[in-house]
Amino acid sequence: MNLSDVLPKPNTMTFFEAAKWYLAMIQLIPKIKLDQKDSENEVEKIADDFKNHWDMKSRLRLAAALSLFDAALHSEFFNKYPLPSADEYLGSAFSCIKNRRKAVAWALFQLLRITEAELATIPGTISEMECDTNEGVHVFTKEGWIKKKV
């Protein structure tokens with residue numbers, strides 16, 4: 001999946017449409033093609049992956065905010081969907097986990113996790129969140145994304 005294929009156009013969504021799109025896209029970040037550096041060191045590769053995923057989440061968050069019909073809602077969107085810096089994620093992980101590889105993996109898990117507070121901003125049930133991908137329509141559940149039954 002290429003990023004340019006999934007970004008919404010500016011000024012095309014309501015707050016709730018943008019929120020649903022953003023939360024759906026967070027789970028798809030690992031499937032979006034990223035610029036990868038070749039690294040022979042496993043820990044450096046994991047750290048690069050984390051930075052790339054953080055950059056992608058930041059871009060998706062900005063795209064969702066810019067897609068809002070009402071520009072006055074941009075700051076509210078950023079407040080409801082905060083994104084700590086990459087260094088804050090890593091610093092938090094390293095303060096609890098001394099193994100670098102495990103700490104970066106934990107930071108990546110936290111980055112891609114959707115919190116209950118974020119889900120609570122969307123009206124309706126969790127199972128109403130759908131995302132159409134090249135592999136079919138997926139529905140968001142408490143267990144994560146699953147392929148929608150036909």
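All of these numbers come straight from a predicted model, not from anything done at the bench. (Residues numbered from 1 in each chain as written. Predicted model: local features only at pLDDT ≥ 70, side-chain atom pairs only at ≥ 80, totals over all residues. Heavy atoms only, no water.)

(A) Representation of the pattern of salt bridges in the model. The full count for this structure, using the stated rule, is 2 salt bridges. Two residues, Lys45 and Asp49, come together in a salt bridge whose shortest N-O distance is 3.2 Å. Taken together, the positions of Lys45 and Asp49, both in helix α3 (residues 42–66) and 4 residues apart, correspond to about one turn of that helix. According to the relative accessible area criterion, Asp49 is buried, its value standing at 16%. Among the ionic pairs, Lys51 bridges to Asp87, the shortest N-O distance being 3.4 Å. (Salt bridge = Lys/Arg side-chain N within 4 Å of Asp/Glu carboxyl O. Helix = DSSP H or I, 4+ residues; strand = E, 2+ residues; numbered from the N terminus. Buried < 20%, exposed > 50% of the residue type's maximum accessible area, 1.4 Å probe, protein only.)

(B) Geometry of the confidence of the model for the protein chain. In this model, the protein chain carries an average pLDDT of 84, and 84% of its residues clear a pLDDT of 70 or more. The secondary-structure element of the protein chain with the lowest mean pLDDT is strand β1 (residues 130–133), recorded at 70, while helix α4 (residues 74–80) shows the highest, at 94. (pLDDT = per-residue confidence, 0-100.)

(C) Highlighting the environment of Phe16. Looking at the element boundaries, Phe16 is found in helix α2 (residues 15–28). Separated by 52 residues in the primary sequence, Phe16 and Leu68 have C-alpha atoms spaced 9.3 Å apart.

(D) Inspection of the packing of aromatic side chains at higher detail. Using the criterion set out here, one finds 7 aromatic pairs in the structure. Between the aromatic rings of Phe15 and Phe77, the centroid separation amounts to 5.6 Å while the plane-to-plane angle is 65 degrees, which identifies the pairing as edge-to-face. Here Phe15, found in helix α2, pairs with Phe77, found in helix α4; they are 62 residues apart in sequence, far enough to count as distant. With respect to class, Phe15 is no different from Phe77; both count as buried. Consider the rings of Phe77 and Tyr81, whose centres lie 4.8 Å apart with planes at 45 degrees: the pair is tilted. Of the two residues examined, Phe77 and Tyr81, each falls in the buried class. (Phe/Tyr/Trp six-rings, centres within 6.5 Å; stacked < 30°, edge-to-face > 60°.)

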